[in-house]
Amino acid sequence: MSQNKNIRWFKGKVSFLLDTKAIKVFMILLLITALVLIISTALGDMNISPLSVIKVFFGGGTTMEQLVVTSFRLPRILVALLVGISLAIAGGILQGMIRNPLASPDNLGLTGGAAVAVVGFLAFFSDDKNALTVSIKWMPLAAFLGAAIIGILIYLLAWKNGVSPIRLVLIGIGISALMDAFKTLMMILGPIYRASQANIWITGTVHGSTWGNVSILLPLTIVLVTIAMILARKMNIQELGDDVATSVGVHVGRQRFSLMMVATALVGISVAFAGGIGFVGLMAPHMARKLVGSSYGALLPVSALIGGILVMVADLIGRTLFSPLEIPAGVFTSAIGAPYFIYLLFETRKS
Amino acid sequence: MLLKNNRQKVLGLFMLILLLAFFICISIVYGYTDTSWKVAWDAFQQNNGSNEHLVIETVRLPRALIAAAVGSSLAIAGVLMQTLTKNPLASPDIFGVNAGASFAVVIGVTLFSMGNFQAIAWIAFLGAAIATIGVYAIGSFGREGLTPMTITLAGAAVTALFSSFTQGILVLNESALEQVLFWLAGSVQGRKLDILTSVLPYLVVGWIGALLFASKMNVLSMGEDVAKGLGLRTGYIKIILGIIIILLSGGAVAVAGPIGFIGIVIPHITRWVVGIDHRWIIPYAGLLGSILLLIADVLARYIIMPQEVPVGVMTAIIGTPFFIYIARRGFNGK
């Protein structure tokens, strides 16, 4: 274990292992994240040179550049970054908890629950003239509640002298089928343009994000990611199996519940602001595992950055490639995610 | 096992046939357009072209027959899948058959601007077949081969994959969304009888095939090794069962769109009624499947009258609690 460095602070009261290789990878990814962020801010209907973008960050640049960068582009790019981070960490947690590489927020029904909440929100709060009776600002809250209710419901239904991962997955799959049915029902009952509005949102887009969104999303993400990181070291033990984990003193049931709730909250906030951007929660942890191995202390931060990069790139492609037509970022994450997924299935076959 | 000996089982079968006939009648008589039993009778005896008679002849009758055919096909396909994969949760919808068919339909409508029902039915068939083969192949990878867990996850994954593609296409093409939304919901409403008749040969082949291979399935369900030891060519039987599954589930989804949970619920109820002998399970499952879908379809007309709930949504609402019950019970005590 020469690649690990033991760090002790306050006479050993705070101690942790630092994986030097993981730190290198993390630094490189951090650099890439910054680059993608700058390039993404630079490109669009009006191209700005990356250098001017950096100038704007430090208060320089022309008024026009300042306007485009700070009011139009930066909020949505930051939302993309934060959403990618949240989804990736949620995916990493769920995969570790369920001990199956194919688990993800999408096929556990969490995203589905949020989607139903949104479609329901659009359907129930519309009056006869199809205008919304309440502010659209409440939609993220509805999405969050949807994901949270489904998360708790799945957990409760899977409860039978504790929660086994296999039951959690199966019940998640059943519930997500039910959510699909509800979603279709509400889309059919509502007017058609609402259906297409809901459909864009379900596919996942960061279009129309504001600084207001960032200011809600940022603190929540920071808090939840911190909790996830604190829980991470115990997840390594849980990977060994329930029996081993219990015998070395982990309260498996309690820990599983807190992990599930953190993952649900992460999915909830990201779905609330960006809709159902798919496959990020599946892909990012896998890529991270390839890079730094499966110790969660290293895995989670690395996969968070990968998730952020994925969503930012997907959004960049979506708004530039077919400009002026804007394509939801979710389409591109699926387009990358689906083939990756099949590759993954072949991979598990070999091992 | 509810029915103990063969005499009871034969009797039960007759009862179910009567019940099926009864629910077909109910489905023909009750609905938004107010009709009585007498009007329905007249519509077949001396059709005078009145609105009620027209509704019964061109809307209700096809609808009832389609619901019966689709229900039994889905149920039998579910039985076959569960036997083949030894997985109590196997069924067409969990295997991604519905998602595959939906994807194919959306592609057909957007890229090849298919308009008529016939074309949609065929392309749905194709998508269903591809998805079934895909999930089966993906699920059999892995070290442990075809375990319930891997195949269920493979199904969920393929579903996620296809449905995200479907979603992406629909976002880019709003008019297509309008066109296929009602198909995507899964419904037996508004289909003409010739859609059923064009798919019916495949369904009938599937039904008869399932009955003929019922005794072989009994042997297969004892486990691969025992079956081989008893002289069953398991590989060959599995391929035949696979083809029957594609015929039945593909045919059903082609006619009615994605309708879930019948393929899960019915096989379990059937086993509870008649035990584990597939020679009884197949006919019972077929009849019970028809009856369940007919009931769901009639209920779907009344819940939010004058609008209709798509029957696929109804079966999901009925079926999910059942699914969760089975999932909680676990596989063979595992």
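Because the structure is a prediction, the values reported are computed rather than measured. (Residues numbered from 1 in each chain as written. Chains lettered and ligands numbered in written order. Predicted model: local features only at pLDDT ≥ 70, side-chain atom pairs only at ≥ 80, totals over all residues.)

### Regarding the overall build of chain A
Here is step 1: In terms of helices and strands, chain A carries 13 helices and two strands.
Here is step 2: With respect to the principal axes defined by its C-alpha atoms, chain A has extents near 60 × 50 × 40 Å.
Here is step 3: Expressed as a percentage of its 351 residues, the buried residues of chain A come to 50%.
Here is step 4: A separation of at least 24 residues holds for 75% of the contacts in chain A among residues at least 6 apart in sequence. (Helix = DSSP H or I, 4+ residues; strand = E, 2+ residues; numbered from the N terminus. Buried ≥ 20, exposed ≤ 12 C-beta atoms within 10 Å, placed from the backbone. Contact = placed C-beta atoms within 7 Å.)

### A look at the overall build of chain B
Here is step 1: Along its length, chain B carries 14 helices and zero strands.
Here is step 2: In chain B, the succession of α and β elements from N to C terminus is α-α-α-α-α-α-α-α-α-α-α-α-α-α.
Here is step 3: For 334 residues, the compact-globule estimate of 2.2 N^0.38 gives 20 Å, and chain B sits close to it at 20 Å.
Here is step 4: For chain B, the spread of C-alpha atoms along the three principal axes comes to 65 × 55 × 35 Å.
Here is step 5: Burial statistics for chain B: of 334 residues in total, 54% are counted as buried.
Here is step 6: Long-range contacts, defined here as pairs at least 24 residues apart, represent 77% of the contacts in chain B between residues at least 6 apart. (Rg over C-alpha atoms; globule rule 2.2 N^0.38 Å.)

### Overview of the domain arrangement of chain B
Residues and elements named next belong to chain B.
Here is step 1: What the domain assignment reports for chain B is domain 1 (1–28 + 260–328), domain 2 (31–65) and domain 3 (88–212 + 246–258).
Here is step 2: Computed from C-alpha coordinates alone, the two centres of domain 1 and domain 3 are separated by 21 Å.
Here is step 3: The partner domain 3 presents 17 residues to the 15 residues of domain 1 that form the contact.
Here is step 4: If you list the elements that add at least two residues to the side of domain 1 that touches domain 3, you get helix H12 (262–274), helix H13 (278–302) and helix H14 (311–329).
Here is step 5: With five residues, the top contributor of residues to the side of domain 1 that touches domain 3 is H14. (Domains from an automatic or database assignment.)

### Examining unusual backbone geometry
Here is step 1: For phenylalanine 279 of chain A, which is not glycine, the phi dihedral falls at a positive 70°.
Here is step 2: Tracing the sequence through the fold places phenylalanine 279 of chain A in the loop between helix H10 (252–274) and helix H11 (280–292).
Here is step 3: Its identity is not glycine, yet phenylalanine 261 of chain B carries a phi of approximately 75°, on the positive side.
Here is step 4: Here phenylalanine 261 of chain B lies in the loop between helix H11 (234–256) and H12.
Here is step 5: The buried category is assigned to phenylalanine 261 of chain B, around which 30 C-beta atoms lie within 10 Å.

### Examining the environment of asparagine 173 of chain B
All names here are of chain B.
Here is step 1: Mapped onto the elements of the fold, asparagine 173 is located in the loop between helix H6 (148–172) and helix H7 (174–184).
Here is step 2: Classification of asparagine 173 as partly exposed rests on a count of 17 C-beta atoms within 10 Å.
Here is step 3: Separated by 91 residues in the primary sequence, asparagine 173 and isoleucine 264 have C-alpha atoms spaced 34 Å apart.

### A word on the packing of helix H3 (residues 51–85) of chain B against H13 of chain B
Geometrically, a packed helix pair is captured by the angle between its two axes and the distance between the axes.
All names here are of chain B.
Here is step 1: Viewed as axis vectors pointing N to C, H3 and H13 meet at an angle of 135°, and their least axial separation amounts to 7 Å. By the angle between their axes, H3 is oblique relative to H13. Where H3 crosses over H13, the handedness of that crossing is right-handed.
Here is step 2: Of the residues contributing to the contact of H3 with H13, the split by class is 16 nonpolar, seven polar and one charged. (Axes fitted to C-alpha atoms, helices over the stretch in contact; angles between N-to-C directions. Parallel < 35°, antiparallel > 145°, perpendicular 65-115°, else oblique. Left-handed = near helix turned anticlockwise from the far one by under 90°. Nonpolar A, V, L, I, M, F, W, Y, C, P; charged D, E, K, R; others polar.)

### Some points on the nonpolar core
Here is step 1: Membership of the largest hydrophobic core comes to 221 residues, with the highest contact counts inside it found for Val118 of chain A together with Val70 and Ala124 of chain B.
Here is step 2: In terms of residues, this core owes the most to one element, helix H3 (residues 63–98) of chain A, which gives 19 residues.
Here is step 3: Setting aside anything within four residues of it in sequence, one finds alanine 124 of chain B in contact with Ala101, Ala104, Val105, Val253 and Ala254 of chain B. (Core = buried A, V, L, I, M, F, W, Y, C linked by C-beta atoms within 7 Å.)

### Points about the environment of threonine 110 of chain B
Residue and element names in this part refer to chain B.
Here is step 1: For threonine 110, the location among the structural elements is in helix H4 (residues 97–111).
Here is step 2: Note on threonine 110: 19 C-beta atoms within 10 Å, which makes it partly exposed.
Here is step 3: Residues threonine 110 and leucine 177, spaced 67 residues apart in sequence, show a C-alpha to C-alpha distance of 9.1 Å.
Here is step 4: Not counting residues within four places of it along the chain, the set of residues in contact with threonine 110 comprises Ile169, Asn173 and Ala176.

### Structural notes on the interface of chain A and chain B
Here is step 1: Contacts between the two partners involve 39 residues from chain A and, on the opposite side, 39 residues from chain B.
Here is step 2: Counting residues per element, the ones that place at least two in the side of chain A that touches chain B are helix H6 (165–189), helix H7 (192–203) and helix H13 (329–350) of chain A.
Here is step 3: Tallying contributions element by element places H6 of chain A first for the side of chain A that touches chain B, with 15 residues.
Here is step 4: For the side of chain A that touches chain B, the class distribution of residues is 25 nonpolar, 10 polar and four charged.

### Section: the packing of helix H5 (residues 139–157) of chain A against H6 of chain A
All names here are of chain A.
Here is step 1: Look at H5 against H6: their axes get within 9 Å of each other, and the N-to-C directions meet at 130°. In terms of their interaxial angle, H5 and H6 are classed as oblique. Considering how the two elements wind past one another, H5 and H6 form a crossing that is right-handed. Seen from H5, the contacting residues are Ile150, Leu153, Ile154 and Leu157; seen from H6, they are Leu168, Ile171, Gly172 and Ile175.

### Some thoughts on the confidence of the model for chain A
Here is step 1: Chain-level pLDDT for chain A is 81 on average; 91% of the residues reach the 70-or-more range.
Here is step 2: No element of chain A has a lower mean pLDDT than strand S2 (residues 14–19) of chain A, at 68, and none a higher one than helix H12 (residues 296–320) of chain A, at 90. (pLDDT = per-residue confidence, 0-100.)

### Considering H12 of chain B
Residues and elements named next belong to chain B.
Here is step 1: Along its 13 residues, H12 runs 18 Å from first to last C-alpha, staying within 8% of the 18 Å computed at 1.5 Å per residue.
Here is step 2: Burial within H12 is extensive, with 10 of its 13 residues counted as buried.
Here is step 3: Considered for burial, the residues of H12 that qualify are Ile262, Gly263, Ile264, Val265, Ile266, Pro267, His268, Thr270, Arg271 and Val274. (Expected span 1.5 Å × (residues − 1).)

### Remarks on the environment of valine 248 of chain A
Here is step 1: Counting through the fold element by element, valine 248 of chain A comes out in the loop between helix H9 (242–247) and H10.
Here is step 2: On a C-alpha basis, the gap between valine 248 of chain A and glutamine 238 of chain A in space is 9.9 Å, while along the polypeptide they are 10 residues apart.

### Some details on the confidence of the model for chain B
All names here are of chain B.
Here is step 1: Within chain B, residue pLDDT values average 83, and 94% of them lie at 70 or more.
Here is step 2: When the elements of chain B are averaged for pLDDT, H7 gives the smallest value, 73, and H13 the largest, 92.
Here is step 3: Interface confidence in the predicted complex, given as ipTM, is 0.76; pTM for the same model is 0.79.

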